[in-house]
Each structure stands twice: as C-alpha cells, then as structure tokens.
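The chain contents come next:
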Amino acid sequence: MRDLAAAEESVAQLCTVWRAMVLDREVDADVRDLPGVAVRWADCRFAFWNAITLTEVGADRELLEKRLGQAADIMRSKNRPGFLWLFEDLLADDARGALDEAAQRAGLVHAFPGTGMAGDLLPIPEPHHPELIFERVATEDQLTAYADLNSRAYGFDLADGRDGLAGSALWKKEVHAYLALRDGVPVACAATVEAEGRLFVVLVATDPDHQRRGYGEAVTRKALYEGARATGLTRATLHATVAGAPVYPRIGFEPNSPMHFYGLEG
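Residues numbered from 1 in each chain as written. Predicted model: local features only at pLDDT ≥ 70, side-chain atom pairs only at ≥ 80, totals over all residues. Heavy atoms only, no water.

## A short note on the packing of aromatic side chains
Reasoning step 1: Scanning all chains against the criterion turns up 17 aromatic pairs.
Reasoning step 2: A ring pair is formed by Phe46 and Trp49, whose centres lie 5.2 Å apart and whose planes are at 90 degrees; its orientation type is edge-to-face.
Reasoning step 3: Relative accessible area serves as the criterion here: at 1%, Trp49 is assigned to the buried category.
Reasoning step 4: What links up through ring pairs into an aromatic cluster is the set Trp18, Phe46, Phe48, Trp49, Phe83, Trp85, Phe112, Tyr154, Phe156, Phe200 and Phe261. (Phe/Tyr/Trp six-rings, centres within 6.5 Å; stacked < 30°, edge-to-face > 60°. Buried < 20%, exposed > 50% of the residue type's maximum accessible area, 1.4 Å probe, protein only.)

## A look at the sheet that holds strand S2 (residues 37-41)
One key point about sheets: their strands pair by backbone hydrogen bonds, in either a parallel or an antiparallel sense.
Reasoning step 1: Taken in spatial order, the 11 strands of this open sheet run S1-S2-S3-S4-S11-S5-S10-S9-S8-S7-S6, and their pairing is mixed. Each end of this open sheet is capped by a strand with a single partner; those strands are strand S1 (30-34) and strand S6 (133-136). Direction aside, neighbouring strands of the sheet carry axes that sit 20 degrees apart on average.
Reasoning step 2: Note: S2 against strand S3 (residues 50-54), 5 bridges, orientation antiparallel. The partner of Trp41 across the bridge, within S3, is Asn50. (Pairing = 2+ DSSP bridges. Helix = DSSP H or I, 4+ residues; strand = E, 2+ residues; numbered from the N terminus. Axes fitted to C-alpha atoms, helices over the stretch in contact; angles between N-to-C directions.)

## Re the pairing of S2
Reasoning step 1: In terms of burial, S2 is a largely internal element, 5 of the 5 residues being buried.
Reasoning step 2: Burial of S2 is two-sided: the residues Val37, Val39 and Trp41 facing one way and the residues Ala38 and Arg40 facing the other way are all buried.
Reasoning step 3: Pairing between S1 and S2: 5 bridges, direction antiparallel. Residue pairing in the sheet places Val31 in a bridge with Arg40 of S2.
Reasoning step 4: Turn length for the S1-S2 hairpin, with the two strands adjacent in sequence and antiparallel, is 2 residues, and the turn residue Gly36 shows positive phi of about 75 degrees.

## Topic: the pattern of salt bridges
Reasoning step 1: Within the structure shown, the criterion is met by 25 salt bridges.
Reasoning step 2: Two residues, Glu226 and Lys222, come together in a salt bridge whose shortest N-O distance is 2.7 Å. With a gap of 4 residues between them, Glu226 and Lys222 both fall in helix H8 (residues 215-231), about one helical turn apart.
Reasoning step 3: Given the relative accessible area of 9%, Glu226 is considered buried.
Reasoning step 4: Put simply, Glu9, Asp120, Arg198 and Arg235 are held in one network by salt bridges that share partners. (Salt bridge = Lys/Arg side-chain N within 4 Å of Asp/Glu carboxyl O.)

## Considering the side chain of Asp207
Reasoning step 1: Position of Asp207 among the secondary structure elements: in the loop between strand S9 (198-206) and H8.
Reasoning step 2: Asp207 sits in the buried class, given a relative accessible area of 9%.
Reasoning step 3: With residues near it in sequence (within four places) discarded, Asp207 still touches Leu149, Arg152 and Val187. (Contact = heavy atoms within 4.5 Å.)

Have a look at this one:
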C-alpha cells in the first residue's frame, strides 16, 4: 500500500532543501513554485542543482501529461541540462500506468530510478570504522574533495561537481558535510542539513575504486550523528539511488515512494 503522507513529505523536503542549495549556488537562480510544478534550477554545470519536480497529489493521466509537457518546456528553455524528479506515489493509478508513454510524448527520457526514504531513527550511536578518519568540510580544499567524490561516483566531469559546490559558505558552515579518509585520501562523503524539522541526507558518494567496503554507510552515519547532535532532530529523510538503496535501511530508513529521474530527449 502506498504511503501518501511519506511521499508528500519526500517531495516537500526536496523543494525545501533544493531551494537553499540552488540559491546558494546562484542568487538569481530560477526558483519558482508554479501550479503543480516546482522549479529549482541554478543553470550550472552540476546537473543535480538543475531540478524540477511535480508537486500535486493524485494527478490523473490528463493532468500528468500537461505537467510533464510544462516541465519539459521549462527544461528546454535552460542553458544547462538537469533532471525532472518524479515521485510515483503522488500520481493517481491511471497516471502511474501511463507514465512511460506520457514522458515519451513530452520528449523526456528516463535517466535512472531512485527511492524516497525516511525514518524516526535519531539519535544514533557515534560511528566508527577501523579504516577511516572523518573530517568535517570546513575549507575550500575539503569542499573540492567532496565535489570530486560526487563527480566520480555519478560519472560527471570533475569540473561539473566543482561548479556546483566551489566557494559555498553554506556547505562549509551550515551543512554537516563529512569526508571519510583512508590513509589520508578522501574515499567517501555524506552530508545532512536541517529542513523543516528533519535532517535531510544529501550528496552521499563513494569513490568507485573503494565501494562495497562500508565507507558510504559509515560516513552517512557520521553526518547523521553530528547533525542530530547539533540540532536535536530525530527524523531524517533522503532520496536514494540504486547504489545507496540497500545501505540506508541498515541505518533505520524506511523506503517510501519510488522515484524517476528524467532528462530531455536528445
């Protein structure tokens, strides 16, 4: 059975956190809440900061077609590519069944899947990993290392990730962003940020040469532990990729809405 409240929470968290992230990157970013469509678009090289999502609950097939067309038109008006983030559980049954065809007609192609997750799981024990040292991101060099880990993990050019995070005061002061170092080399990263009474987990990444060793889980636990210690919050949310989906339930997260990421065709 679909948990509609969890799906609504998930899309609201995206809209809140991405407003802050996008405006941090570009003060004149396109940040709008239109009927049924939330735009959070920095128009920068880092594609995750160029985002649109659909926000209506119970959209039927006809309304879905309309909203996908609107989202695609906005994406075509931009200089840089990005993603439409779509939360499947917000759709009515007929719209869910027609999603693939509707996206194709709008000129959108499926990029990759994801899953919304949340849980009342904090506080958690202070994490340890025998091979890792954790450092909070506080300098520009550390922020660059954080950006580079995300670029390598998601297959972006290094310049793309750096364009998204370079020079950010928000990431060095307000975001609880951590690097996991093995023998002095950053191998994984994770961050949490306060959003509407929750901690939102953002931009978790592990270097492709160091995966399946528990590094991503360990540094995510560190970011959650420190974020909860600083804020006193007990609930956390995130949006997981396929790679991260098996990890987060071990920490205490529960999956909710399936997600779909779309880019423009061609």
